[in-house]
Amino acid sequence: MTGPTGAGRLGGLVSRVGTALRRLWRRTLHLWRSSLGFRVVVVTMLLGVLVLTAVGTYLYGTIAQGLVDSRQRIAAEDSLRDATDAQKRFDSTDQTDTQAKLTQFATTLINTYRRDAGNEPRYVVLTRFEENTSPVIVGPLESGSVGARFIPEDLRTQVAAQPDRQHLQVTTIEEGGDTISAVIVGQRIDTGVAGDYGLYFIYPMHREREIISFIGQTFLLGGAALILLVCAIAFVVTRLVADPVRRAAITAERLAAGNLDERMQAKGEDDLARLGMSFNGMAASIQQQIGQLENLSRVQQRFVSDVSHELRTPLTTIRMAGDLIHDSRTSFEPTVARSAELLHHELDRFESLLTDLLEISRFDAGAAVLEIEASDLRASVDRAVDAHRTLAARKGTQLVINQPDEPVIAEMDSRRIERVLRNLVSNAIEHGEGLPIEVTIGSNDSAVAVTVRDHGVGLKPGEAALVFTRFWRADPARARTTGGTGLGLAIALEDARLHAGRLEAWGALGEGSCFRLTLPRKADATITSSPLPLSPLAAEAAEAAVAAEAEAAEAAQAQVAEAARGAGGDPAGAAGALGVLGSGDSARAAGFADDDTLRLRRIVPERTP
């Protein structure tokens, strides 16, 4: 029980540490993206560490090499003096009668040259050359714990090969359980009856190591302090620059939110002060221009509204006179009678245009209001379609309604929605080239939708976003037959937006066009998705794929039954046939769907922004 429990605790600890590290990383990454000061400080710190590391490494190496070179020079001079003195003593000694006396003399001499005081000790070693054939053997003699075993073999070889020169080498020795670098200086000594020996002076570099360690610590602490100081300076400088920029951003956000009186504080004569003054000048200019545009917009809206209202009185008089002339056209000459008919139709279009202009002016002024009530969308569709059956019959167009059996209830202004639907159906008849028009109703949990699909000339790429522009026409040379004003789709779009809904268009040359109206079930609710597809080609491809799969499944079942009869009712054989046939038919169904998908890719659906 203890082992699994301990492993579980360790795993939980690792998981918590990992979670904390991930959270810290996310916060750091967010701070890096959102804070200019943090980025500047971090980049300054990294560059400072890089520069100080490079400079410190160079200076540290240079100082260390200088200390070693100085130690070598001092060791060479010191050892040369003592080696010369030792040679004189060996030359002048009379302790050469026996090997014991010579050994005692050499030992005393070696201990005389040993140094133990201070932080600059020195060890002395006397060793016999391998080429020495004298029967008198002395040593090897060592003045302390650092002895002949630490003398490199190549140094011994150099001393034996060139006895008239002093040889020096830096190596590593062990002293009191500590490993330290040392300078070893070797030179030949003639001991007389004992032959040639090598005299080696070993200088451990304690003082140099202490100096280098102190310099390294000084560099480390000084570098850290310098980096912190540079980061603090970078932070202060960044704040001096970033704070005005941040205030400018906040002021710009408030300006964008509509607070046109917001201004920056500009003090002094430096670049930031000039930035603030320029920003304030720009804000004042924008405020003035926006005020002018608002005033112009109000004037235009008022002008359109006043003109529309004022034109109603003379239009009513002209309408009465026009109706009288139109009713009496049978007594006129043919040209006059035709003029009376044209006058009558144009008066109808003029009246519709005035009505649409008044409605547009209400939308522009924000005076349009909804009369919301729960209504069945199917009824609005039926009334809109019935209002255009005469026009459809005159154009030879068939109107097809696809709607569910159950009611499609939504909170809406039925009058405005019917106006939208009438406009969509009228446009479909106008551009449908006499081909059938399909009106489809759908619903889901959050929204209801209506699509009006025609199979006429369609729309060119990019035109789907322009159809809702006021007075825009796909083909200006095309003659209108339904007396449109050019404002119908613009008003329809505003009606949809007033319901918190969406009105979208799709079209492709040779494939016709499709308009989709999507409304929330509840007033001011959010539409998560539309229950009907905007692109009819996508829906047709999906339906074709489903039909192909169903057909393939039926064919597979029939062939399995036939295979089972051929196998004498063997279930295994029937199952094998089912697997083979099912896979082949599924592949054919998938291939059909892929063909439709490729066809759809060549037609890019266009949506309103």
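The rules we used
Residue indices follow the written sequence of each chain, beginning from 1 at its first position. Totals for whole chains, interfaces and linings use every residue, but because this is a predicted model, local features are given only for residues with pLDDT of at least 70 and side-chain atom pairs only at 80 or more, for both listing and counting. No hydrogens and no water enter the side-chain calculation; it runs on all heavy atoms of the structure. Secondary structure elements follow DSSP: runs of H or I no shorter than four residues count as helices, runs of E no shorter than two count as strands, and numbering proceeds from the N terminus. Between N or O atoms, a polar contact is any pair within 3.5 Å; within protein, one atom must be a potential hydrogen donor and the other a potential acceptor, and residues adjacent in sequence are included only when both atoms are from side chains. Surface patches are defined over residues having more than 30% relative accessible area and no salt bridge, joining like charges when they lie within 9 Å and nonpolar side chains (Val, Leu, Ile, Met, Phe, Trp, Tyr) when within 5 Å. The method behind every accessible area is Shrake-Rupley, applied with a 1.4 Å probe, and residues are considered shielded solely by the protein chains displayed. Salt bridges, as used here, are contacts in which a Lys or Arg side-chain nitrogen is within 4 Å of a carboxyl oxygen on Asp or Glu. Comment: axis = line fitted to C-alpha atoms, over the contacting stretch for helices; angle = value between 0 and 180 degrees taken between N-to-C directions. When describing relative orientation, an angle under 35 degrees is termed roughly parallel and one over 145 degrees roughly antiparallel, while 65 to 115 degrees is termed roughly perpendicular and anything else oblique. Here a crossing is taken to be left-handed if its near helix is turned anticlockwise relative to the far helix by less than a right angle, and right-handed if that turn runs clockwise. Throughout, a residue-residue contact means that at least one pair of heavy atoms, one from each residue, lies within 4.5 Å. Note on residue categories: nonpolar means Ala, Val, Leu, Ile, Met, Phe, Trp, Tyr, Cys or Pro, charged means Asp, Glu, Lys or Arg, and polar means any other residue, Gly included. pLDDT runs from 0 to 100 and stands for how confident the predictor is about each residue. Remark: nonpolar core denotes a set of buried residues (Ala, Val, Leu, Ile, Met, Phe, Trp, Tyr, Cys) joined through side-chain atoms within 4.5 Å. Only protein chains enter the area calculation, which uses a 1.4 Å probe; residues under 20% of their type maximum are buried, those over 50% are exposed, and those in between are partly exposed. A helix is expected to span 1.5 Å multiplied by its residue count minus one. Here is the rule: rings of Phe, Tyr and Trp (six-membered ring for Trp) pair when centre to centre is within 6.5 Å. Planes less than 30 degrees apart are stacked, more than 60 are edge-to-face, and the remainder are tilted. Pairing between two strands requires that DSSP report at least two bridges joining them. Charge counting follows a simple rule: Lys and Arg are positive, Asp and Glu are negative, and His as well as the terminal groups are ignored. Charged side chains are reduced to one point each, which is NZ for Lys, CZ for Arg, CG for Asp and CD for Glu.

In this structure, what is going on with the side chain of threonine 191? I would like to understand it.
Assignment of secondary structure puts threonine 191 in the loop between strand 4 (178-190) and strand 5 (196-204). Polar side-chain contacts of threonine 191 include one of 2.6 Å to the backbone oxygen of glycine 195.

For this particular structure, what's the right way to read a nonpolar patch on the surface?
On the surface, a cluster of nonpolar side chains totalling about 930 Å² of accessible area is made up of Leu226, Leu229, Val230, Ile233, Phe235, Val236, Val237, Leu240, Val241, Val245 and Leu275. Counting residues per element, the nonpolar patch draws most heavily on helix 5 (residues 206-256), which supplies 10 residues. Mapping valine 245 onto the fold places it in helix 5.

Any chance you could explain the packing of helix 2 (residues 36-92) against helix 3 (residues 99-113) here in plain terms?
A pair of packed helices is characterised by two quantities: the angle between their axes and the separation of those axes. The interhelical angle for the contact between helix 2 and helix 3, taken along N-to-C directions, is 155 degrees, at an axis separation of 11 Å. If you check the angle between helix 2 and helix 3, you find them roughly antiparallel. Helix 3 is crossed by helix 2, and the crossing has right-handed handedness. Contacts from Asp82, Asp85, Ala86, Arg89 and Phe90 of helix 2 reach helix 3 at Leu102, Phe105, Ala106, Leu109, Thr112 and Tyr113. Split by residue class, the contact of helix 2 with helix 3 holds 7 nonpolar, 1 polar and 3 charged.

Honestly, the confidence of the model for the protein chain in this entry has me stumped. Any pointers?
Where the model shows low pLDDT, its predicted coordinates should not be examined in detail. Overall, the predicted model of the protein chain reaches an average pLDDT of 79, with 85% of residues at or above 70. In the model of the protein chain, helix 13 (residues 571-601) stands out as the element of lowest mean pLDDT, 39, in contrast to strand 10 (residues 447-454), which has the highest, 92. Across residues 571-609 the pLDDT falls below 50, and counting only partners more than four positions away or on other chains, this stretch makes 50 contacts in the model.

Would you take a moment to explain the nonpolar core for this structure?
Taken as a class, soluble globular proteins show a tendency for nonpolar side chains to be buried jointly. Counting 36 residues, the largest nonpolar core has Leu377, Val381, Phe468, Leu503 and Leu517 as its most contacted members. Judged by nonpolar contacts, the second largest core, of 24 residues, contains Leu102, Val138, Leu199 and Phe201.

When you look at helix 10 (residues 414-431) in this model, what are you seeing that I'm missing?
Because the α-helix completes a turn every 3.6 residues, residues three or four places apart line up on one side. Its 18 residues give helix 10 an end-to-end C-alpha distance of 26 Å, which sits within 8% of 26 Å, the value for a rise of 1.5 Å per residue. Here helix 10 lies mainly inside the structure; 13 of its 18 residues are buried. Of the residues trailing helix 10, glutamate 433 is marked for its positive phi of about 55 degrees.

Help me understand the environment of aspartate 97, please; the structure alone is not making it clear to me.
As for its placement among the helices and strands, aspartate 97 is situated in the loop between helix 2 and helix 3. Between the C-alpha atoms of aspartate 97 and valine 193, which are 96 residues apart in sequence, the distance is 9.1 Å.

Can you help me understand the packing of aromatic side chains in this one?
Aromatic ring pairs are described here by two measures, namely the spacing of the ring centres and the angle between the planes. Going through the model one piece at a time under the given rule, you end up with 3 aromatic pairs. Here the aromatic rings of phenylalanine 90 and phenylalanine 105 are separated by 5.4 Å at their centres, their planes lie at 85 degrees, and the arrangement is edge-to-face. Residue phenylalanine 90 is located in helix 2, and its partner phenylalanine 105 is located in helix 3; the two are separated by 15 residues in the primary sequence. According to the relative accessible area criterion, phenylalanine 90 is buried, its value standing at 8%. Between phenylalanine 468 and phenylalanine 515, the aromatic rings sit 6.2 Å apart at their centres with planes inclined by 85 degrees, giving edge-to-face as the arrangement. Taken as a pair, phenylalanine 468 in the loop between strand 10 and helix 11 (488-498) and phenylalanine 515 in strand 12 (residues 512-520) lie far apart in primary sequence, 47 residues in all. Judged by its relative accessible area of 8%, phenylalanine 468 is buried. Residue phenylalanine 515 is classed as buried on the basis of its relative accessible area, which comes to 9%.

It is not clear to me how the pattern of salt bridges should be interpreted in this structure. Could you clarify?
Between side chains of opposite charge, pairing is possible as soon as their charged atoms come close. Applying the stated criterion across every chain, the model contains 22 salt bridges. Between arginine 71 and glutamate 208 there is a salt bridge, and its shortest N-O distance comes to 3.8 Å. Of this pair, arginine 71 sits in helix 2 while glutamate 208 sits in helix 5; the two residues are 137 residues apart in sequence, bridging distant segments of the chain. Here arginine 115 ties to aspartate 82 by a salt bridge, and the two come within 3.9 Å at their closest N and O atoms. Of this pair, arginine 115 sits in the loop between helix 3 and strand 1 (123-128) while aspartate 82 sits in helix 2, placing them 33 residues apart in sequence. Taken together, the salt bridges that share partners define one network made up of Asp78, Arg81, Asp82, Arg115 and Arg122.

Would you explain the environment of serine 331 in this entry?
Position of serine 331 relative to the elements: it lies in the loop between helix 6 (271-327) and helix 7 (334-365). Here serine 328 takes part through its backbone oxygen, which lies 2.9 Å from a polar atom of the side chain of serine 331.

Which parts of the structure should I look at to understand the sheet that holds strand 4?
What holds strands together in a sheet is hydrogen bonding between their backbones, with the strands either parallel or antiparallel. The antiparallel open sheet is built from 5 strands, whose spatial order is 2-1-5-4-3. Edge positions in the sheet fall to strand 2 (141-142) and strand 3 (167-175), since each has one partner strand and no second. The sheet contact formed by strand 1 and strand 5 spans 6 bridges and is antiparallel. Paired with tyrosine 123 across the strands is isoleucine 202, a residue of strand 5. The strands touched by helix 4 (residues 153-161) are strand 3, strand 4 and strand 5; relative to strand 3, the strand with the most contacts, the crossing angle is about 150 degrees.

Hey, could you run me through the sheet that holds strand 11 (residues 502-508) in this one?
Spatially, 5 strands are ordered 7-9-10-12-11 in an open sheet, and the strand pairing comes out mixed. Here the strands that pair on one side only, and so sit at the sheet edges, are strand 7 (399-402) and strand 11. The average undirected angle you get between the axes of adjacent strands in this sheet is 15 degrees. Relative to strand 10, strand 9 (residues 437-443) is paired through 6 bridges, and the arrangement is antiparallel.

How should the packing of helix 2 against helix 5 be read in this particular structure?
The contact between helix 2 and helix 5 brings their axes to 9 Å, and the two run at 160 degrees. Classified by the angle between their axes, helix 2 and helix 5 sit roughly antiparallel to one another. The way helix 2 lies across helix 5 gives a crossing that is right-handed. Classifying every residue of the contact of helix 2 with helix 5 gives 22 nonpolar, 7 polar and 2 charged.

Explain a positive patch on the surface to me, please; I cannot follow it from the model alone.
Among the surface-exposed residues, Arg22, Arg23, Arg26 and Arg27 lie close enough to one another that they form a single positively charged patch. Assignment of secondary structure puts arginine 22 in helix 1 (residues 2-34).

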